[in-house]
Amino acid sequence: MKAWEATVRKTQAVAKKRANTIFGTYAAAPNVEEEMIEDYEEEEHPSGEVYQAERFLPNGDYYTGYWADNFPHGTGKYWWTDGCMYVGEWFRGKTMGKGTFSWPSGAMYEGNFKSGFMDGEGTYSSSNGDTYRGSWMMNFKHGRGIKEYANGDCYEGEWCRGLQEGQGKYQWKNGNYYVGEWKNGIICGKGKLCWTNGNVYEGNWEDGLPKGNGTFKWPDGSLYSGNWSKDPKDQNGTYYPAGSTLLDGNLEWDPQEVYNVDLKDCKVCPSEKVSILPSNKKLAMWRSTKASDSSTRPRRMSVDGRIDAGIDKEFARIPTPDAAAGRHSSAGTSDRNGMDESFAGLQIEDVSTRGSPIRIPKVVKKQGETISKGHKNYELMLNLQLGIRHSVGKPGPPPSLDLKPSAFDPKEKYWTRFPPEGSKNTPPHPSCEFRWKDYCPKVFRTLRLLFKVDPADYMLSICGNDALRELCSPGKSGSFFYLTNDDRYMIKTMKKAEVKVLLRMLNAYYNHVRAFENTLVIKYFGLHCVRLNGPAQKKVRFIIMGNLFCTDYTIHRRYDLKGSTFGRITDKPESEIDANTTLKDLDLDFIFRLQKNWFQEFRRQVDRDCEFLEQERIMDYSLLVGLHFREATNSCDHTPPGCVTPTDNGGAEESLPRLSRADMDQLLLDPAGWASIRLGVNMPAKVERTERKNDGEIQLVGEPTGEYYDVIIFFSIIDILQDYDISKKLEHAYKSIQYDPTSISAVDPKQYSRRFRDYIFKVFAEDI
C-alpha cells in the first residue's frame with residue numbers, strides 16, 4: 001500500500017509538471033521527487049518492437065513491464081489510482097493469458113484472462129472470505145467449479161453465467177448436503193437432500209423447496225411418498241410407518257414439518273457482488289513526445305481493448321490515408337470484396353489489428369411502410385387485428401403443456417363470421433364483412449405459453465393503436481411480410497401448401513421446441529386465415545412469428561446463409577445496399593467466432609435442429625444472422641429516445657431509441673443483463689474478416705485475415721416450411737443439367753442437412 005501511495009504521488013507530480021510545461025507556467029519545486037521527473041523524451045523504437053518500459057501515465061496510473069507500440073505487451077504490472085492492480089500477461093493493451101487482478105477491498109483473482117475478461121481456469125477470493133476455483137467465461141463462473149463460502153458451506157458442480165446450473169452438490173457447515181439439479185442458482189429439478197440425523201428427501205424440487213413427486217425417509221425405515229407442495233391444499237401423499245406395507249399407509253404425519261423444521265437451516269448462500277470488473281477498467285493511453293503529434297489527444301482504452309466511447313468521437317469517422325489505401329488495394333480480390341466501399345455509414349477500426357477498417361451502414365429509421373388508411377392492405381390489416389383480438393381474448397381453460405393428440409389434428413380449425421354490425425361473439429367494426437379461421441388454436445396458445453409470451457402484450461403488439469408496417473417488397477416465394485410497430489412480431493402471408501406442411505409437422509415441431517429450450521428453429525405463435533366476402537372469396541393465410549432483430553442494438557449487417565452458391569449473391573447495385581439489405585452466402589466476408597462454451601452448445605443445437613428438419617423432409621431452410629458492431633457506438637451510432645435524425649435529403653425520419661456504449665457494457669457485464677443473452681440472441685462474440693482468392697473459381701468461404709471486430713450476434717433457422725415435394729424434385733432435375741448439382745438449393749433433405757451443417761460449421765468457429 002505504501003508503494004502504491006508513493007507511485008500515485010510520483011505520477012501525479014509528473015502529470016502536474018507536464019501540464020505546467022504545456023501552458024508555459026513551469027516552476028521548479030524544491031522536492032527531491034521533482035528532481036527525478038524528466039520530460040518523456042525517449043529513444044524511438046521500430047514499430048512492433050517489444051521492450052522494457054516504465055510509464056507514469058498522465059491520470060496518475062502507473063505501468064511497468066514490456067511495451068510495444070504504445071501498449072502494454074508481454075508481462076507487466078499496472079496500478080490504477082483507485083487501488084486496483086493487474087500483474088500478468090498482456091497482448092496489445094489487453095489482459096491476455098495468465099495474471100492476477102487485485103481489488104483495494106482485498107479481493108483477488110488469479111488465473112487466465114482473455115480479451116480483458118476473466119476467462120478460463122482461475123481462482124477468485126472475495127473480501128468476505130468466499131473462494132471459487134474453477135472455470136470462467138467473460139467474468140462469470142461458467143463450467144465446473146468449487147465455491148467455498150466464508151460460513152463453511154461448499155458447492156461443487158456446474159455453473160452458468162455466474163450461478164449454479166445443472167448438476168451440483170451443496171454441503172452445509174452442519175453436515176447436511178444436497179445432490180441434484182440446479183437452475184439459476186436455485187435448487188430446481190430432481191435431487192436428494194440428506195440430513196445428518198439420517199433423514200432423506202428424494203424427488204422433485206422447485207424454487208429451493210420440494211415440489212411434485214417425492215419421498216421422505218426416516219432412519220427407522222418409515223417413509224412418506226406422494227405429491228409435495230408448500231401449499232397444504234396441493235399436497236397429497238401417504239405416510240408408511242416403519243415395518244408397514246404399502247397397504248398399511250395412513251396420513252398421521254404432516255409433511256409441512258419438512259418445510260417448517262427440516263428445511264429451516266438449509267439456506268443457500270447468495271452470490272457476492274463485485275463492485276468493478278477487470279474489463280471495466282480503463283487504460284490511460286500513452287504517447288511519447290517524439291512519437292506523438294501536438295494535435296493528437298490522449299485516449300483511454302478499456303482492458304478488453306475498446307476505446308472509451310466518451311472521447312474522440314469526432315475522429316472515429318475519419319479514415320487514415322494508410323487505411324484507405326489498404327482498402328482500395330484489396331478491393332479487387334473478389335466480386336463482392338468491394339462491397340464495403342459503397343457504405344457511406346460508420347467506420348470501425350479495431351485497435352488490436354492493423355488491417356483495413358470496415359465501413360458499415362447507419363440505420364436511422366424503421367424498416368417498412370406504415371399501413372395507413374388508403375393503403376391497399378388497410379382493410380386486411382383491420383381484419384387481421386380484429387381476428388387476433390377475438391382469438392387471444394376469448395376465454396378458455398388455462399393451457400396445459402401436455403396436449404392430447406386431437407389438438408394437432410389438421411381438422412382442428414374454427415371459422416368465425418365478422419359482420420360489420422357485429423354479432424353475439426364479435427364486435428361491430430368499420431371494415432367489410434369477413435370470415436376468420438383459427439388453425440389448431442390450443443396448440444398455438446400452448447406454444448405462446450411455452451415461449452413465455454404474455455397474452456395481453458401479444459394482443460397489444462399486434463392489435464394496439466399503432467399500425468403494422470409492410471416491408472417494401474415481397475420475398476422470393478411471393479409472400480408478403482408485415483412487422484408490428486414495436487418490432488416484436490413478424491406476420492407472413494402463406495401458400496396453402498405451406499400451411500399443409502406446418503400442420504403435418506406441428507406435433508413434431510411442438511415436441512422439439514419443448515424438449516430443447518435453446519432451439520434455433522424460428523418460433524411460431526399463431527396460424528390464421530382471413531376470407532373476404534364477395535365474388536372472389538379471396539383467402540389470405542398467414543403465420544405470426546417472432547422477429548429475431550427485435551433489439552435495442554442497431555443491426556448493421558444481416559445475412560441469409562444456406563451453404564449453396566447458385567444465385568447466392570445479392571442482386572442489388574452497390575449503391576442500394578444498406579443496413580436493411582439481407583446479404584447472402586457469397587457476400588459473406590466474415591467468420592463468426594463464439595466463446596468456447598457457446599460454440600459447443602451451438603454445434604449441438606444445430607445438429608439437433610437439422611436432424612429434426614431432415615426427419616420432417618424439410619429443405620431450403622437458412623440461417624439468418626444479424627451483426628451489431630460494438631465499436632460503432634464510438635461514432636455516435638445510437639440515437640437518444642425521442643430525437644429526430646436528419647437524412648441526406650434534408651428531411652427527417654422517425655428514429656429508434658438505441659443503447660449507449662455504457663448501457664451495452666453494463667448489459668454484458670451485469671449478471672442481471674445476462675438474463676437477456678441466450679443462444680442466438682444478444683450474444684457477445686467476435687468476427688474475423690475473410691478474403692476470397694481471385695483465381696476464377698467460386699470460393700464459398702474466404703481465407704481469414706486476422707482482422708477481428710467485437711460484435712453482438714443474432715441468429716436463427718428460418719424458412720422451415722418447404723418440403724421436398726414434386727416441384728422441388730423437378731427443380732433439382734432441371735437445374736442439375738445446367739449447373740453443378742451441389743451448388744443448387746433444391747436437393748434431397750438429407751443432402752441439404754449435411755451440406756448446411758458443413759458450411760455453418762466453417763463460418764462459425766470457436767474464439768481462440
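Residues numbered from 1 in each chain as written. Predicted model: local features only at pLDDT ≥ 70, side-chain atom pairs only at ≥ 80, totals over all residues. Heavy atoms only, no water.

Once that is clear, we can look at the overall build of the protein. Looking only at helices and strands, the protein features twelve helices and 38 strands. Across the 768 residues that make up the protein, the buried fraction comes to 50%. For the protein, the proportion of contacts with a sequence separation of at least 24, taken over those separated by at least 6, is 53%. For the protein, the accessible area works out to roughly 36500 Å², and carbon and sulfur atoms hold 51% of it. (Helix = DSSP H or I, 4+ residues; strand = E, 2+ residues; numbered from the N terminus. Buried < 20%, exposed > 50% of the residue type's maximum accessible area, 1.4 Å probe, protein only. Contact = heavy atoms within 4.5 Å. Areas by Shrake-Rupley, 256 points an atom, 1.4 Å probe, with all protein chains shown as cover.)

Attention now moves to the pairing of strand 6 (residues 108-114). In the sheet, strand 5 (residues 94-102) pairs with strand 6 via six bridges, with the strands oriented antiparallel. Paired with Phe-101 across the strands is Tyr-109, a residue of strand 6. Linking two consecutive strands that pair antiparallel, namely strand 5 and strand 6, is a turn of five residues; a positive phi of about 105° is found at Gly-106 within it. Where strand 6 meets strand 7 (residues 117-125), six bridges bridge the pair, whose relative direction is antiparallel. Bridge pairing in strand 7 links Lys-114 to Phe-117. (Pairing = 2+ DSSP bridges.)

This part takes up the sheet that holds strand 23 (residues 413-418). In any sheet, the strands associate via hydrogen bonds between backbone groups, in a parallel or an antiparallel arrangement. Pairing within the open sheet is antiparallel, and its eight strands lie in the order 22-25-26-27-29-28-24-23. The open sheet has two free edges, formed respectively by strand 22 (369-370) and strand 23, since each of these has just one partner strand. Bridging between strand 27 (residues 489-494) and strand 29 (residues 539-546) involves six bridges; their strand directions are antiparallel. In the sheet register, Ile-491 faces strand 29, and the bridge partner there is Ile-544. Helix 6 (residues 441-450) rests against strand 23, strand 24 (434-439) and strand 28 (524-532) of the sheet, and its axis sits at about 140° to strand 28. Contacts from helix 7 (residues 455-463) reach strand 27, strand 28 and strand 29, with the element oriented near 65° to strand 27. (Axes fitted to C-alpha atoms, helices over the stretch in contact; angles between N-to-C directions.)

With 111 residues, the main nonpolar core has Phe-602, Phe-715, Ile-720 and Phe-764 as its most contacted residues. With nine residues, the single largest contributor to this core is helix 8 (residues 496-515). Those residues in contact with Phe-602, other than ones at most four positions away along the chain, are Leu-520, Leu-594, Leu-679, Phe-715, Ile-760, Phe-761 and Phe-764. In terms of nonpolar packing, the next biggest core, distinct from the first, is built from 43 residues, Trp-80, Phe-101, Met-118 and Val-258 among them. (Core = buried A, V, L, I, M, F, W, Y, C linked by side-chain atoms within 4.5 Å.)

Those residues of helix 7 not exposed but buried are Tyr-458, Ser-461, Ile-462 and Cys-463. All buried residues of helix 7 fall inside an arc of 165° around its axis, so they share one side. Buried-residue contacts for helix 7 involve helix 5 (378-393), helix 6, strand 27, strand 28 and strand 29. A distance of 3.1 Å separates the backbone nitrogen of Ala-456 from a side-chain oxygen at the start of helix 7, and that oxygen is part of Asp-454. (Arc of directions from axis to C-beta. Polar contact = N/O pair within 3.5 Å; in protein donor to acceptor, adjacent residues only side chain to side chain.)

Moving on to the sheet that holds strand 36 (residues 683-691). Within the open sheet, the seven strands sit side by side as 31-30-33-37-36-32-38. Their pairing is mixed. Strands at the two margins of the open sheet, each flanked by one partner only, are strand 31 (582-583) and strand 38 (764-766). As judged from the four bridges shared by strand 32 (residues 590-594) and strand 36, these two strands associate in the antiparallel manner. Looking at strand 36, one finds that Phe-590 is bridged to Arg-689. Lying on the sheet, helix 9 (residues 596-615) is in contact with strand 32, strand 36, strand 37 (703-718) and strand 38; it crosses strand 38 at an angle near 145°. Relative to the sheet, helix 12 (residues 749-763) contacts strand 30 (557-561), strand 32, strand 33 (622-629) and strand 38, its axis offset from that of strand 38 by approximately 50°.

As a further point, take the side chain of His-528. Mapped onto the elements, His-528 comes out in strand 28. Residue class for His-528 comes out buried when judged on its relative accessible area of 5%. Engagement of the side chain of His-528 in a polar contact is seen with the side chain of Asp-438, the distance being 2.6 Å. Beyond its immediate sequence surroundings of up to four residues, His-528 is in contact with Ile-388, Ser-391, Trp-436, Lys-437, Asp-438, Tyr-439, Val-540, Arg-541, Phe-542 and Ile-544.

Under the defined criterion, the tally for this structure stands at 17 salt bridges. Residue Glu-498 is joined to Lys-492 by a salt bridge in which the shortest nitrogen-to-oxygen separation is 3.9 Å. An identical accessibility class is assigned to Glu-498 and Lys-492; each is buried. Linking Arg-608 and Glu-601 is a salt bridge whose minimum nitrogen-to-oxygen distance equals 3.6 Å. Relative accessible area serves as the criterion here: at 15%, Glu-601 is assigned to the buried category. Overlapping salt bridges, with partners in common, bring together Asp-607, Glu-611, Glu-614 and Arg-757 in one network. (Salt bridge = Lys/Arg side-chain N within 4 Å of Asp/Glu carboxyl O.)

This part takes up the environment of Ile-698. Its location among the elements puts Ile-698 in the loop between strand 36 and strand 37. What makes Ile-698 exposed here is its relative accessible area of 64%. Sequence spacing of Ile-698 and Thr-565 is 133 residues, and the spatial spacing of their C-alpha atoms is 8.0 Å. The residues touching Ile-698, leaving out its near neighbours within four places in the chain, are Thr-565 and Leu-586.

Mapped onto the elements, His-375 comes out in the loop between strand 22 and helix 5. We classify His-375 as buried; its relative accessible area is 14%. Polar side-chain contacts of His-375 include one of 3.4 Å to the side chain of Glu-470. Contacts of His-375, omitting those with residues within four sequence positions, involve Glu-369, Thr-370 and Glu-470.

All right, on to the environment of Lys-686 then. Structurally, Lys-686 can be placed in strand 36. Given a relative accessible area of 14%, Lys-686 falls into the buried group. Counting along the chain gives 57 residues from Lys-686 to Phe-629, while the straight-line C-alpha distance between them is 9.1 Å. In contact with Lys-686, other than residues within four places in its own chain, are Lys-94, Ser-115, Ile-591, Phe-592, Arg-593, Tyr-709, Asp-710, Val-711 and Asp-767.

Per the counting criterion, the structure on display carries 51 aromatic pairs. Ring geometry for Tyr-109 versus Trp-136: centroids 5.2 Å apart, planes at 80°, classification edge-to-face. Placement of the pair is Tyr-109 in strand 6 and Trp-136 in strand 8 (residues 131-137), with a sequence separation of 27 residues. For the pair shown, Tyr-109 and Trp-136 are each scored as buried. Between Tyr-149 and Tyr-170 the ring centres are 5.8 Å apart and the planes differ by 45°, which places this aromatic pair in the tilted class. (Phe/Tyr/Trp six-rings, centres within 6.5 Å; stacked < 30°, edge-to-face > 60°.)

In short, the description is geometric, and any link to function would need to be established separately.
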